[in-house]
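# Residue-level structural notes
Each chain is listed here by its residues.
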Amino acid sequence: MHCLLCDEKMSATPSWQALIAIEKSSLICEDCSKTFKRVDIKDRSETITDIHSIYAYNEGMRAYIHQYKFLQDVALAAVFADALRAVLQRKDAIIVPIPMHPQKKIERTFAHIDELLHAARIPFEDVLVKTNTDVMGEKTRDERLAMRPLFTMKQGTDIQQKTYILVDDIYTTGTTLQHAATVLKEAGAVQVEAVTLVRA
């Protein structure tokens with residue numbers, strides 16, 4: 001088997017754990033695994049009770065995100081499945097992925113947050129619709145503050161009086177999460193939390 005990131009051949013020597021089927025097969029090699037830095041940063045805002053970012057945005061993560069999102073290597077969705085599952089497994093909360101604009105989804109061929117959640121076997125609800133194709137990292141602070149809402153509720157959606165957990169890949173300025181949380185709370189969510197794979 002070859003590493004999904006660097007394509008180097010990984011050791012095929014079976015361990016005793018593998019022989020009795022209790023060892024999980026790794027998708028990436030040990031060298032690539034070591035390039036990721038787990039940080040588990042916790043934050044909060046006026047609208048979001050808890051924001052949990054799992055990894056740092058370093059060179060290894062930059063390469064992963066480039067290959068996953070922009071080179072459309074959907075197999076990489078499973079690399080962080082265990083980490084996401086461990087953070088998101090809460091039966092009393094509804095998981096909501098940050099959606100892509102429909103045009104962007106056509107360009108990218110898949111919704112990258114949805115695929116991360118599918119790989120982690122985390123059920124989720126698509127309740128938000130992205131209203132524009134703006135990229136937050138390309139805007140100044142004043143431009144971000146002056147923006148119209150980035151999301152609307154999907155037609156026919158019934159928001160329950162529960163906690164909703166937003167999931168996104170990268171936390172940069174927090175603008176995207178704030179816009180999504182505001183829409184959810186205005187629609188009736190009791191509390192909004194967020195989990196991001198990376199903190200930039």
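Below, the structure is looked at part by part. Here the structure is a predicted model, which is why all the values come from computation and not from measurement.

### Focus: the overall build of the protein chain
What the protein chain contains, in helices and strands, is 8 helices and 7 strands. In the protein chain, buried positions account for 44% of the 200 residues. Contacts in the protein chain between residues at least 24 apart in sequence constitute 70% of all its contacts with a sequence separation of at least 6. Split by element, the accessible area of the protein chain, about 11,300 Å² in all, is 50% carbon and sulfur.

### Focus: the nonpolar core
Judged by nonpolar contacts, the single largest core of 35 residues is most densely connected at Leu5, Phe36, Tyr55, Met61, Tyr64, Phe80 and Leu88. Looking at this core, the elements with two or more residues in it are strand 2 (51-56), helix 3 (59-70), helix 4 (81-88), strand 3 (93-97), helix 6 (112-119), strand 6 (163-171) and strand 7 (191-199). No other element matches helix 4, which puts 5 residues into this core. Setting aside its immediate chain neighbours within four residues, Tyr55 contacts Phe36, Lys37, Arg38, Val39, Met61, Phe80, Ala83, Leu197, Val198 and Arg199. Leu150, Tyr164, Ala180 and Leu184 belong to the second-largest nonpolar core, a separate cluster that totals 22 residues.

### Observations regarding helix 4
Most of helix 4 sits out of view: 6 of its 8 residues are buried. Restricting attention to buried positions, one finds in helix 4 the residues Ala81, Ala83, Leu84, Arg85, Val87 and Leu88. Where the residues of helix 4 are buried, they touch strand 1 (38-43), strand 2, strand 3, helix 6, strand 6 and strand 7.

### Some details on unusual backbone geometry
The backbone of Asp40 sits at a positive phi, close to 45°, despite the residue not being glycine. Among the structural elements, Asp40 can be located in strand 1. With a relative accessible area of 30%, Asp40 lands in the partly exposed category. Although it is not a glycine, Arg121 adopts a positive phi angle of roughly 60°. Here Arg121 shows up in the loop between helix 6 and strand 4 (128-130).

### A look at the pattern of salt bridges
Scanning all chains against the criterion turns up 6 salt bridges. The shortest N-O distance in the salt bridge between Arg62 and Glu59 comes to 2.9 Å. Within this pair, Arg62 and its partner Glu59 are both found in helix 3, separated by 3 residues, close to a single helical turn. Its relative accessible area of 36% is what places Arg62 among the partly exposed residues. The partner of Arg85 in a salt bridge is Asp82, with the nearest N and O atoms 2.9 Å apart. Of this pair, Arg85 and Asp82 both sit in helix 4, 3 residues apart, which is roughly one turn of the helix. For Arg85, a relative accessible area of 13% corresponds to the buried category. The class for Asp82 is partly exposed, based on a relative accessible area of 39%.

What counts as what
- Residues numbered from 1 in each chain as written.
- Predicted model: local features only at pLDDT ≥ 70, side-chain atom pairs only at ≥ 80, totals over all residues.
- Heavy atoms only, no water.
- Helix = DSSP H or I, 4+ residues; strand = E, 2+ residues; numbered from the N terminus.
- Buried < 20%, exposed > 50% of the residue type's maximum accessible area, 1.4 Å probe, protein only.
- Contact = heavy atoms within 4.5 Å.
- Areas by Shrake-Rupley, 256 points an atom, 1.4 Å probe, with all protein chains shown as cover.
- Core = buried A, V, L, I, M, F, W, Y, C linked by side-chain atoms within 4.5 Å.
- Salt bridge = Lys/Arg side-chain N within 4 Å of Asp/Glu carboxyl O.

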